[in-house]
Amino acid sequence: MSGPLVVLVGPMGVGKSTVGELLAARLGTTYRDTDADIVAAAGKPIAEIFYDEGEEHFRALERRAVAAAVAGHPGVLSLGGGAVLDGATRELLAGRPVVYLSMDVDEAVRRVGLNTARPLLAVNPRRQWRELMDARRHLYEEVARTVVATDEHTPEEVAQAIVDALELPEGAAAPGVESTGMTQQGPTRIQVAGSAGSDPYEVLVGHRLLGELPQLIGDRARRVAVLHPEALAETGEAVRQDLADQGYEAIAIQLPNAEEAKTAEVAAYCWKALGQTGFTRTDVVVGIGGGATTDVAGFVAATWLRGVRWIAIPTTVLGMVDAAVGGKTGINTAEGKNLVGAFHPPAGVLCDLAALESLPVHDYVSGLAEVIKCGFIADPVILDLIEADPEAARTLAGPHTAELIERSIRVKAEVVSSDLKESGLREILNYGHTLGHAIEKNERYKWRHGAAVSIGMVFAAELGRLAGRLDDATADRHRTVLESVGLPLTYRGDQWPKLLENMKVDKKSRGDLLRFIVLDGIGKPTVLEGPDPAVLLAAYGEVSA
């Protein structure tokens, strides 16, 4: 019987993707995930399919995806958690090398507690998990040739157990399949060096990272405050409960969504909660959410008792590649963005890629502006990867998603390791931000940050070109790359006087001297001080709608 070498089934969060990629590398073959096939075909995350069209529509898509993959994929294949609910799918799997990966309820909640994208696992994860498993366990067992328990086992150990159980030949590719050379060694760990009296820390990128949280919190802490936006109330409560179950006095503090959280009033509300809880210098703040949430969490941690430890768990692309790394914390005022803040690096950052599954496409694309910025100022491979397949770059299911995020984090990590407090090199991270922040203020922070920065980068490119610093091809490449992923290139032409006033209070200004980061070429950022007003106006004319 032709078809996959191995088919992995099991509940959400059991680790089918991690084990599947590792197993494929060990067998010298390729890996395929039907959930990723569905996301690519539908052009949106599974959570949005459930919300927009309902579960019945999703199951129909899943049935077709499984049939196509079983017929056409000769390597390692993993199916979504609910695929076995379909009778036709179960018939299709009969007699095939199917492995059921199992885990118990406590392990399940630990692994999927961060992921609000799971459309069937919501308010009470433990109860709903048991209900799901009661309905599905016998179906997993029905289709499986063997069962492999994953509790307290590493992905490498699980992969080896599958090889042993099915007596698979390691290193031999399936017929017609070239070896991929892929390896999966758990989360990627990116080091951020300590500077200016701060301690070094790690940024972890991968899946199922909630288990790393207690180790980061440490034994000295008794109390943990979990700060989360209203939109992630269920996630915040799941993490709080998980920490409480492990013996911490854990509280959850709900913040307004997005930039509305970044006010003095919200910070004061958090200080009051910490005071009423008896927070001491050995206790820990955890910020879960987008860049605005981690900005506030870090600022509250920096200012409470003159500084307590905090941990960032960003759930957006923007948060992962920018806001949560580097220790810049802050809030907005009526006069401008991030004018009140502190440099207070986190004790660690957990970038769980599964959290991006629930991110609306516009928010996902907005975060790509910061990724593209890193490409222009330091790592042109980022630009090459996006240009190779712009549509794939717009989704979590794209083949280069993890690499794009990791490369962007490495750019920022290298810069902030050398210059924590923006005394020199760190200014380059503000490429596109001077005008971008002015646009955000002009829009009363209702615009997505990445959209404003995208326009700011086009403006900076035109400014560099007009100043004789940047060649035409590189300036034009800004427009091509940004537009290819759906980011805006223009803003209202009549707003220039307001924007100019806004830029004068930008943090990079020195007295009345405006300063802009421009490029001498890709990977060659520099500072342009006090450009001629006529040149500024001409550059803005190039982005005026």
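Now for a quick tour of the structure. Sequence order as written defines the numbering, with residues in each chain counted from 1. Restriction of local features to residues with pLDDT of at least 70 applies here, the model being predicted, together with a cutoff of 80 or more for giving and counting side-chain atom pairs; totals for whole chains, interfaces and linings are based on all residues. Side-chain measures here rest on the full set of heavy atoms in the structure, leaving out hydrogens and waters.

Remarks on the side chain of Lys 16
Reasoning step 1: The topology assignment puts Lys 16 in helix α1 (residues 16-27).
Reasoning step 2: At 6.3 Å, Asp 35 is the nearest oppositely charged side chain to Lys 16, a buried residue that forms no salt bridge.
Reasoning step 3: For Lys 16, the side chain forms a polar contact with the main-chain oxygen of Gly 10, separated by 2.9 Å.
Reasoning step 4: A polar side-chain atom of Lys 16 sits 3.2 Å from the main-chain carbonyl oxygen of Pro 11.
Reasoning step 5: Those residues in contact with Lys 16 that lie beyond four places of it in its chain are Leu 8, Val 9, Gly 10, Pro 11, Tyr 31, Ser 78, Leu 79, Gly 80, Gly 81 and Leu 101. By the criteria applied, helices consist of DSSP H or I runs no shorter than four residues and strands consist of E runs no shorter than two, each listed in order from the N terminus. When a residue's accessible area, from a 1.4 Å probe over protein chains only, is under 20% of the maximum for its type it is buried; when over 50% it is exposed; and in between it is partly exposed. For the purpose of counting charges, residues Lys and Arg are taken to be positive, whereas Asp and Glu are taken to be negative. His and the chain ends are not included. When a carboxyl oxygen of Asp or Glu is within 4 Å of a side-chain nitrogen of Lys or Arg, the pair counts as a salt bridge. Each polar contact in these results corresponds to two N or O atoms within 3.5 Å; when the atoms are within protein, one needs to be able to donate a hydrogen and the other to accept it, and residues that are neighboring in sequence are counted only if both atoms are side-chain atoms. Residues count as neighbours in contact if any of their non-hydrogen atoms are within 4.5 Å of one another.

Quick look at the sheet that holds strand β2 (residues 31-33)
Reasoning step 1: Here five strands make up an open sheet; going across it, the order is β2-β3-β1-β4-β5 and the pairing parallel. Lying at the two open borders of the sheet, with one neighbouring strand each, are β2 and β5 (146-149). Across this sheet, the average inter-strand angle for adjacent strands is 25°, counted without regard to direction.
Reasoning step 2: Being paired, for any two strands, means DSSP has found at least two bridges between them. As judged from the three bridges shared by strand β1 (residues 6-9) and strand β3 (residues 76-78), these two strands associate in the parallel manner. What sits directly across from Val 6, in β3, is Val 76.
Reasoning step 3: Angles here are taken between N-to-C directions and fall from 0 to 180 degrees, while the axes themselves are lines fitted to C-alpha atoms, restricted in helices to the stretch in contact. Docked against the sheet, helix α2 (residues 34-42) engages β2 and β3, running at close to 60° with respect to β2.

Notes on a nonpolar patch on the surface
Reasoning step 1: A patch consists of residues exposed above 30% relative accessible area that lack any salt bridge, with like charges linked at up to 9 Å and nonpolar side chains (Val, Leu, Ile, Met, Phe, Trp, Tyr) linked at up to 5 Å. The protein chains shown are the only cover counted for residues, whose accessible areas, like all others here, come from Shrake-Rupley with a 1.4 Å probe. Side chains of Leu 339, Val 340 and Val 505 sit close together on the surface and give an oily, nonpolar patch of about 200 Å² of accessible area.
Reasoning step 2: Within the secondary structure layout, Val 505 lies in the loop between α21 (496-503) and β15 (515-519).

Looking at the nonpolar core
Reasoning step 1: Within the largest apolar cluster, 94 residues are counted, with the highest numbers of intra-cluster contacts made by Val 203, Ile 372, Ile 386, Tyr 431 and Phe 459.
Reasoning step 2: Here, the term nonpolar core denotes a set of buried Ala, Val, Leu, Ile, Met, Phe, Trp, Tyr and Cys residues that are joined through side-chain atoms within 4.5 Å. Val 14, Leu 22, Leu 27 and Tyr 31 belong to the second largest nonpolar core, which has 20 residues in total.

Focus on the pattern of salt bridges
Reasoning step 1: A full pass over the atoms with the stated rule returns 33 salt bridges.
Reasoning step 2: A salt bridge links Glu 142 to Arg 90, with the shortest nitrogen-to-oxygen separation between them at 3.6 Å. Note that Glu 142 is positioned in helix α7 (residues 125-143) and Arg 90 in helix α5 (residues 87-93), a separation of 52 residues in sequence.
Reasoning step 3: Here Arg 477 ties to Glu 387 by a salt bridge, and the two come within 2.6 Å at their closest N and O atoms. Of this pair, Arg 477 sits in helix α20 (residues 472-484) while Glu 387 is found in helix α15 (residues 380-388), placing the two residues 90 residues apart along the sequence.
Reasoning step 4: On the accessibility criterion, Glu 387 (33% relative accessible area) is partly exposed.
Reasoning step 5: Within the structure, one salt-bridge network assembled from shared partners comprises Glu 259, Lys 262, Asp 295, Lys 337 and Glu 440.

Let's talk about empty space enclosed by the protein
Reasoning step 1: Here a cavity is any set of points on a 1 Å grid over the protein atoms alone where a 1.4 Å probe fits but cannot get out, and a pocket is any open set with protein on both sides within 12 Å along at least 5 of 7 lines; a residue lines the site when it has an atom within 4 Å of a point. Grid points are joined across faces, edges and corners, and a volume is the space filled by probe spheres set on the points. One pass over the structure, following the stated rule, counts six cavities of 30 Å³ or more.
Reasoning step 2: Of the volumes computed, that of the second largest cavity is approximately 60 Å³.
Reasoning step 3: In this structure, the second largest cavity is lined by Asn 430, Tyr 431, Gly 432, His 433, Thr 434, Leu 435, Gly 456, Phe 459, Ala 460, Leu 463, Phe 516 and Ile 517.
Reasoning step 4: For the lining of the second largest cavity, the elements supplying multiple residues, two or more each, are α18 (433-442), α19 (449-466) and β15.
Reasoning step 5: Element by element, the count of residues in the lining of the second largest cavity is highest for α19, at four residues.
Reasoning step 6: Under the grouping applied here, Gly and all other residues not named as nonpolar or charged are polar, the nonpolar ones being Ala, Val, Leu, Ile, Met, Phe, Trp, Tyr, Cys and Pro and the charged ones Asp, Glu, Lys and Arg. Of the residues assigned to the lining of the second largest cavity, the class counts are seven nonpolar, five polar and no charged.

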